[in-house]
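Here are the chains, one letter per residue:
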Amino acid sequence: GSVEIWIKAVMLLTGFWFSLVQMYLNNDNFMMATVWSITMGFFAAMIGVNIQHDGNHGAFAQSKFINKCAGWTMDMIGASAFTWEFQHML
């Protein structure tokens with residue numbers, strides 16, 4: 001993949017994990033935990049639309065292993081890369 005796709009991936013993954021940590025750290029403040037939950041949901045959707053989708057189609061990188069790892073980000077956000085591949089690619 002190009003430098004841009006790697007920068008985008010790092011930014012999306014950082015945003016996802018930062019939001020997740022903030023959601024847990026703000027568990028005594030319902031409003032802030034809600035805001036961080038919504039933010040995490042946004043980053044999870046972007047990971048699914050960008051990193052996972054490109055990886056499972058083999059377009060994220062030249063390496064099959066890196067593409068497989070990019071596809072596995074679907075499992076990180078709560079879905080199944082295996083099911084996606086089975087339903088989407090067949």
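This text gives an overview of the structure that appears in the document. Position labels on residues start from 1 in each chain and follow its written sequence. Selection of residues for local features in this predicted model requires a pLDDT of at least 70, selection of side-chain atom pairs for listing and counting requires 80 or more, and totals for whole chains, interfaces and linings are taken over all residues. Side-chain descriptors were evaluated using all non-hydrogen atoms of the structure, hydrogens and water having been removed beforehand.

### Digging into the side chain of threonine 73
Step number 1: Secondary structure elements follow DSSP: runs of H or I of four or more residues count as helices, runs of E of two or more count as strands, with numbering from the N terminus. Residue position: threonine 73 is located in helix 4 (residues 73-76).
Step number 2: When its relative accessible area of 10% is taken as the criterion, threonine 73 is described as buried.
Step number 3: Throughout, a contact is declared for two residues whenever any of their heavy atoms are within 4.5 Å. Non-local contacts of threonine 73, meaning those with residues more than four positions away in its chain, are made with Leu13, Ile47, Ile51 and Gln52. Exposure categories follow from relative accessible area, calculated using a 1.4 Å probe and restricted to protein chains: below 20% of the type maximum is buried, above 50% is exposed, and the middle band is partly exposed.

### Describing helix 3 (residues 64-71)
Step number 1: All of the buried residues along helix 3 are Asn67, Ala70 and Gly71. Each buried residue of helix 3 lies within a common arc of 100 degrees when the element is viewed along its axis, so the set occupies one face.
Step number 2: The term polar contact refers here to a pair of N or O atoms within 3.5 Å; inside protein, the definition further demands a hydrogen-donor-capable atom paired with an acceptor-capable atom, and it admits residues adjacent in sequence only when both atoms are side-chain atoms. In this structure serine 63 caps helix 3, since a side-chain oxygen of it lies 3.2 Å from the backbone nitrogen of phenylalanine 65. The directions from the helix axis to the C-beta atoms form the arc being described.

### Things to note about the packing of helix 2 (residues 30-56) against helix 3
Step number 1: For the pair helix 2 and helix 3, the least separation of the axes is 7 Å and the interaxial angle reads 140 degrees. When the axis of helix 2 is compared with that of helix 3, the two are oblique. In this structure, helix 2 meets helix 3 at a crossing whose hand is left-handed. Contact residues: Ile51, Gln52, Asp54, Gly55 and Asn56 in helix 2; Asn67, Ala70 and Gly71 in helix 3.
Step number 2: Note that Gly is not counted as nonpolar here; it falls among the polar residues with everything else outside the nonpolar set of Ala, Val, Leu, Ile, Met, Phe, Trp, Tyr, Cys and Pro and the charged set of Asp, Glu, Lys and Arg. Looking at the contact of helix 2 with helix 3 residue by residue, the class counts come to 2 nonpolar, 5 polar and 1 charged. Think of each axis as a best-fit line through the C-alpha atoms, taken over the contacting stretch in the case of a helix, with angles from 0 to 180 degrees between the N-to-C directions. Here the angle decides the label: under 35 degrees means roughly parallel, over 145 means roughly antiparallel, 65 to 115 means roughly perpendicular, and every other value means oblique. For a crossing to be left-handed, the near helix must be turned anticlockwise from the far one by less than a right angle; the clockwise case is right-handed.

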